[in-house]
Amino acid sequence: MTVSRDDVLRVAALARLRFEEEDLERLAADMNAILGLVDQLDRVDTAAAAPMASVLPLVNAFREDEPAATLDPDDWLRAAPWREGPFPGVPRFVEE
Amino acid sequence: MSSLGSIDRLAAGMAAGEFTAVELAREALDRIATLDGRLNSFVTLTPERALAQAEAVDNARTRGETLGPLAGIPMALKDNLCTRGILTTCSSRALKNHVPPYDATAWCRLEAAGAVLLGKTNLDEFAMGSSTENSAFFPTGNPWDPGRVPGGSSGGSAAAVASGEVVYALGSDTGGSIRQPAALTGVVGLKPTYGRVSRYGLVAFASSLDQVGPLARTVADCARVLQVIAGHDPLDSTSLPAAVPDYVPSLTGDVRGLKIGVPTEYFGMGVDPEVASLVRAGIEVLAGLGAEVAECSLPTTAHALAAYYVLAPAEASSNLARYDGVSYGHRATGGRDLEELYTRSRQEGLGAEVKRRIMLGTYVLSRGYYDAYYLKAQRVRALVSADFEQALGRFDLLASPTSPEVAFARGERAGDLLRMYMADACTIPVNLAGLPAISVPCGFSRGLPVGLQLIGRQLAEATLLRAAHAYEAATPQWRRVPPLAAGQERGWET
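Novice: Is there a simple way to explain the overall build of chain B in this structure?
Specialist: Regarding its fold elements, chain B presents 15 helices and eleven strands. Taking 2.2 N^0.38 as the reference for a compact globule, 494 residues should give roughly 23 Å; the C-alpha atoms of chain B span a radius of gyration of 21 Å, in line with that estimate. Seen through its principal axes, chain B has C-alpha atoms that stretch 65 × 55 × 45 Å. Looking at chain B residue by residue over its 494 residues, the buried ones come to 65%.

Structural data, given as structure tokens:
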């Protein structure tokens with residue numbers, strides 16, 4: 001499988017990224033170089049191996065649902081570009 | 001007095017009234033002022049806060065209060081660990097001005113133990129890299145030769161510890177980011193078992209692989225720091241509930257009867273012959289101390305790097321989706337719609353390597369490629385893990401090089417992605433299996449430090465630390481001062 005310039009544009013749209021026109025070929029080449037390394041996985045016999053997402057057993061870690069102090073909205077909103085009341089503000093994109 | 005001493009010596013000095021925590025903090029800040037222009041270990045310095053913390057320790061001592069185990073000891077945090085009220089940038093333009101509203105658990109525990117934070121250290125942006133050259137701000141120099149890289153991604157932490165700017169620092173390790181820079185700068189770096197240390201407040205890169213751990217100049221110092229940061233955290237559901245043993249008493253110096261396996265594959269994989277022979281000589285030292293050494297094989301290891309470059313980018317592409325410019329971080333101006341606000345904020349905020357990995361991760365997770373790449377890599381991960389399980393059934397520890405090569409020159413690998421990625425060939429398999437591993441200095445090649453990696457069973461940090469400590473005690477000749485810090489050796493001894 002080879003990543004083309006069009007593939008780069010398609011994946012960039014999925015990832016909400018944008019690249020300059022002159023960088024597209026280079027990025028496709030980089031991705032192909034890395035996928036070239038990855039292609040060796042085809043030579044590994046994995047018929048007997050289940051996919052491993054984590055080294056930990058995949059069981060839910062439940063806890064009691066007890067009320068406790070949490071982050072103050074005023075605190076975390078200080079990290080926002082700006083705030084509007086109890087929310088992070090964003091520019092208006094729709095007409096009223 | 002010297003900020004270069006070990007934790008126990010400095011703690012004893014303060015307890016005996018030889019010097020105060022404030023004096024220690026001032027000395028460390030002076031060293032940073034002298035050295036950091038050449039090293040650039042730090043992204044942010046916190047001198048006022050450090051002096052206030054140190055003064056609080058001194059006052060508590062005067063009042064006769066019981067002090068924490070790390071009280072008054074100057075340290076630093078990798079800048080991907082959240083600190084309430086202090087910039088946490090991940091060395092990214094996306095978080096250049098980000099001040100988190102909460103603390104990482106590992107830092108909370110250190111602070112409660114009396115730690116004095118001098119600042120936040122440089123890293124490859126979002127911990128993606130092996131040289132700290134991917135920082136959006138500036139590269140960090142290696143104290144052994146500032147024209148060379150300190151390794152990465154915890155390069156700022158490693159350089160700060162190696163040069164004596166701080167006594168210890170925390171790093172994070174997703175594919176070798178604690179151990180490889182520790183090896184390249186001649187310090188000790190420990191990646192604990194996945195889940196041993198809470199990841200709460202560690203900015204996520206690849207969540208199934210990330211782990212927080214210490215870098216220090218001695219094994220005992222690593223043990224003392226691990227003691228404080230290890231343990232279950234209700235805020236991280238992947239942190240392990242297992243009890244934390246006392247690590248310092250395990251530093252007995254005795255490795256008689258310890259079974260050490262030497263996986264032959266780890267001496268291929270582009271390992272420099274001089275590095276290989278120093279590591280083999282190090283293993284011989286352990287054998288001379290009574291360890292039982294034998295060769296072994298981890299056949300799937302050769303494919304671990306390939307599996308990692310599917311799994312880590314896949315997880316990263318998901319984790320970094322949050323940097324959209326809405327709730328926090330860099331926001332672009334002037335977009336026509338929300339979609340463009342996201343895209344332009346990400347375009348401007350994220351660097352080339354981060355974008356490359358997001359692209360790769362998005363690609364391998366996209367329709368038509370998920371089975372061929374992502375599921376296949378997960379299956380290979382299971383085989384890598386099974387290899388370790390089998391070998392560690394026969395052996396207590398495995399020994400290998402930490403990094404295939406010594407520190408390379410800045411810019412040398414910039415145009416060669418795969419060669420850069422190879423820097424983690426010996427460390428990445430350990431992350432896939434979630435095991436603990438430590439890097440200890442084992443000699444010098446062309447004047448640059450080399451690291452010996454020891455890999456242990458799940459939660460067997462005590463055994464790792466015992467072997468590393470015995471090795472360190474038997475090889476005092478590898479405890480050297482970088483030329484840049486020369487003339488300030490006083491107190492460097494343990």
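Further notes follow.
Novice: Would you take a moment to explain the interface of chain A and chain B for this structure?
Specialist: Note: interface size is frequently given as the accessible area lost on complex formation between the parts. With 51 residues of chain A in contact, the opposing surface of chain B contributes 65 residues. Our enumeration of links across chain A and chain B arrives at three salt bridges. The closest approach of N and O atoms between Asp30(A) and Arg356(B), which form a salt bridge, is 2.9 Å. Remark: the boundary between chain A and chain B carries 13 residue pairs in polar contact (both at pLDDT 80 or more). Those elements that place two or more of their residues in the side of chain A that touches chain B are α1 (5-14), α2 (24-38) and α3 (73-77) of chain A. The element best represented in the side of chain A that touches chain B is α2(A), accounting for nine residues. Of the residues that constitute the side of chain A that touches chain B, the class distribution is 36 nonpolar, four polar and eleven charged.

Novice: Explain the side chain of Ser400(B) here, please?
Specialist: Assignment of secondary structure puts Ser400(B) in strand β9 (residues 397-401). On the accessibility criterion, Ser400(B) (0% relative accessible area) is buried.

Novice: I'm lost on the pairing of strand β4 (residues 168-172) of chain B in this one. Help?
Specialist: Residue and element names in this part refer to chain B. Burial analysis of β4 places five of its five residues in the buried class, the great majority of the element. In β4, alternate side chains face the same way, and those of Tyr 168, Leu 170 and Ser 172 on one face and Ala 169 and Gly 171 on the other are all buried. In the sheet, strand β2 (residues 74-78) pairs with β4 via three bridges, with the strands oriented parallel. Within β4, the residue paired with Ala 76 across the bridge is Ala 169. Relative to strand β6 (residues 212-216), β4 runs antiparallel, the two sharing five bridges. Bridging from a neighbouring strand, Leu 170 pairs with Pro 214 of β6.

Novice: Whenever I open this one, helix α7 (residues 219-229) of chain B confuses me. Can you help?
Specialist: Three- or four-residue spacings in an α-helix give side chains the same orientation, since the helix completes a turn every 3.6 residues. Residues and elements named next belong to chain B. In terms of burial, α7 is largely enclosed, as nine of its eleven residues are buried. For α7, the complete set of buried residues consists of Val 219, Ala 220, Asp 221, Cys 222, Ala 223, Val 225, Leu 226, Val 228 and Ile 229. Following α7 by one or two positions, Gly 231 adopts a phi angle in the positive range, close to 125 degrees.

Novice: I'm lost on the pattern of salt bridges in this one. Help?
Specialist: Pairs can form between side chains of opposite charge whenever their charged atoms are close. With the rule as written, the count across this model stands at 25 salt bridges over all chains. As a salt-bridge pair, Arg148(B) and Asp145(B) come within 3.2 Å of each other at their nearest N and O atoms. Exposure remark for Arg148(B): the relative accessible area of 26% places this residue in the partly exposed category. Residue class for Asp145(B) comes out partly exposed when judged on its relative accessible area of 29%. Put simply, Glu295(B) and Arg280(B) hold a salt bridge, and the shortest N to O gap is 3.0 Å. Placement of the pair is Glu295(B) in strand β8 (residues 292-296) and Arg280(B) in helix α8 (residues 273-288), with a sequence separation of 15 residues. The exposure class of Glu295(B) is partly exposed, given its relative accessible area of 42%. Residues joined in a network through salt bridges with shared partners are Arg26(A), Asp30(A), Glu353(B), Arg356(B) and Arg357(B).

Novice: Would you explain the environment of Ala304(B) in this entry?
Specialist: All names here are of chain B. Within the element layout of this structure, Ala 304 appears in helix α9 (residues 304-319). In sequence terms Ala 304 and Ser 130 are 174 residues apart; their C-alpha atoms lie 17 Å from each other. Ala 304 has contacts with Val 384, Ile 428, Pro 429 and Leu 432, leaving out every residue within four places of it along the chain.

Novice: Help me out: how do you make sense of the layout of surface pockets in this one?
Specialist: It is the rolling of a water-molecule-sized probe over the atoms that shows where space remains empty. Roughly 460 Å³ of volume is contained in the largest pocket. Considering the residues around the largest pocket, the lining is formed by 20 residues, among which Leu56(A), Val59(A), Ala61(A), Ser237(B) and Thr238(B) are closest to the centre. Of the residues assigned to the lining of the largest pocket, the class counts are ten nonpolar, seven polar and three charged.

Novice: Please clarify how the packing of aromatic side chains should be interpreted in this entry.
Specialist: Geometry of an aromatic ring pair is reported as the spacing of the ring centres plus the angle between the planes. Residues and elements named next belong to chain B. Applying the stated criterion across every chain yields a total of eleven aromatic pairs over all chains. Between Tyr 308 and Tyr 309 the ring centres are 5.0 Å apart and the planes differ by 75 degrees, which places this aromatic pair in the edge-to-face class. Neither residue differs from the other here; Tyr 308 and Tyr 309 are each classed as buried. Ring centres 4.0 Å apart and planes at 5 degrees place the aromatic pair Tyr 309 and Tyr 421 in the stacked group. Remark: Tyr 421 occurs in helix α13 (residues 417-421) and Tyr 309 occurs in helix α9; sequence separation between them is 112 residues. Take Tyr 309 and Tyr 421: they sit in the same class, and that class is buried. One aromatic cluster is present, built from ring pairs that chain together Phe 126, Tyr 323 and Tyr 328.

Novice: What is the right way to look at unusual backbone geometry in this model?
Specialist: Comment: phi is negative for the bulk of residues other than glycine, and the bulk of peptide bonds are trans. Ser153(B) follows Gly152(B) through a cis peptide bond whose omega is 10 degrees. Along the polypeptide, Ser153(B) turns up in the loop between β3 (116-121) and α5 (155-162). Phi at Arg16(A) is positive, roughly 55 degrees, even though this residue is not glycine. Looking at where Arg16(A) falls in the secondary structure, it is placed in the loop between α1 and α2. With a relative accessible area of 30%, Arg16(A) lands in the partly exposed category. With a phi angle near 45 degrees, Met269(B) is a residue other than glycine that sits in the positive phi range. Tracing the sequence through the fold places Met269(B) in the loop between β7 (259-263) and α8.

Criteria and cut-off values
- Residues numbered from 1 in each chain as written.
- Chains lettered and ligands numbered in written order.
- Predicted model: local features only at pLDDT ≥ 70, side-chain atom pairs only at ≥ 80, totals over all residues.
- Heavy atoms only, no water.
- Helix = DSSP H or I, 4+ residues; strand = E, 2+ residues; numbered from the N terminus.
- Rg over C-alpha atoms; globule rule 2.2 N^0.38 Å.
- Buried < 20%, exposed > 50% of the residue type's maximum accessible area, 1.4 Å probe, protein only.
- Contact = heavy atoms within 4.5 Å.
- Salt bridge = Lys/Arg side-chain N within 4 Å of Asp/Glu carboxyl O.
- Polar contact = N/O pair within 3.5 Å; in protein donor to acceptor, adjacent residues only side chain to side chain.
- Nonpolar A, V, L, I, M, F, W, Y, C, P; charged D, E, K, R; others polar.
- Pairing = 2+ DSSP bridges.
- 1 Å grid on protein atoms, 1.4 Å probe; cavity = no way out; pocket = protein on both sides within 12 Å on 5 of 7 lines; lining within 4 Å.
- Points joined across faces, edges and corners; volume = space filled by probe spheres on them.
- Phe/Tyr/Trp six-rings, centres within 6.5 Å; stacked < 30°, edge-to-face > 60°.

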